[in-house]
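What follows is the residue order along each chain.
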Amino acid sequence: MLDHYLTDEQIESFRLKLIEKRDGIINARRLASQDISMEGMKAPDPVDRATQQEQEDGRMALERKDDKTLEEIAFALKNFEDFGYCHECGEEIGYERLVYNPAFTMCVDCKTIEEKKVR
Ligand SMILES: [Zn+2]
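In this text the structure is predicted, and so the values were computed from the model without any measurement.

A. Main features of the overall build of the protein chain. Each helix and strand counted, the protein chain has 4 helices and 0 strands in total. When the elements of the protein chain are put in sequence order from the N terminus, they spell out α-α-α-α. Projecting the C-alpha coordinates of the protein chain onto the three principal axes gives extents of approximately 65 × 35 × 20 Å. When burial is assessed residue by residue, the protein chain has 11% of its 119 residues classed as buried. Pairs at least 24 apart in sequence give 59% of the contacts found in the protein chain among residues at least 6 apart.

B. How the structure looks around helix 2 (residues 46–78). Between its first and last C-alpha atoms helix 2 spans 47 Å; for 33 residues at 1.5 Å apiece the expected length is 48 Å, and the two agree. Buried residues are scarce in helix 2, accounting for 2 of its 33 residues.

C. The environment of F80, seen in detail. Relative to the helices and strands, F80 resides in the loop between helix 2 and helix 3 (95–100). Given 13 C-beta atoms within 10 Å, F80 falls into the partly exposed group. Through-space distance from the C-alpha of F80 to that of T105 is 9.8 Å; in sequence the pair is 25 residues apart.

D. Molecular detail of the nonpolar core. With 10 residues, the main nonpolar core is built from F14, L18, I73, A76, F83, Y85, I93, L98, A103 and C107. Among the elements of the structure, helix 1 (8–39) and helix 2 are those that each provide at least two residues to this core. Beyond its immediate sequence surroundings of up to four residues, F83 is in contact with I11, F14 and A76.

E. Region of the structure containing the environment of L31. As for its position among the elements, L31 is in helix 1. In sequence terms L31 and F75 are 44 residues apart; their C-alpha atoms lie 25 Å from each other.

Calculation rules
- Residues numbered from 1 in each chain as written.
- Predicted model: local features only at pLDDT ≥ 70, side-chain atom pairs only at ≥ 80, totals over all residues.
- Helix = DSSP H or I, 4+ residues; strand = E, 2+ residues; numbered from the N terminus.
- Buried ≥ 20, exposed ≤ 12 C-beta atoms within 10 Å, placed from the backbone.
- Contact = placed C-beta atoms within 7 Å.
- Expected span 1.5 Å × (residues − 1).
- Core = buried A, V, L, I, M, F, W, Y, C linked by C-beta atoms within 7 Å.

Written out as structure tokens, the structure reads:
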């Protein structure tokens, strides 16, 4: 990592942030699954059941988002020797962007292109 635009300290702090974020999601999920098994004990009336369905949908959406975040973090940690550089074009991702989200593995340009492809 010669001439890396980030300092070793910055890189290390980003790595810790990634791990912290990953563990946070995993812990939150463990707690959430405990809540659900508690709720299953109740016999809900139809109104409650509708509410429960809504909550379930919300939870699923959130879980999909978390899954994606976990994937991004795993990817960033796996390719950590290239941390801070765009996975697509090799350009610097930029300190500000990494502060916003250390799991970013693409520069603004490549990310924009990718998001257009998805839509
Ligand atoms: Zn790029």
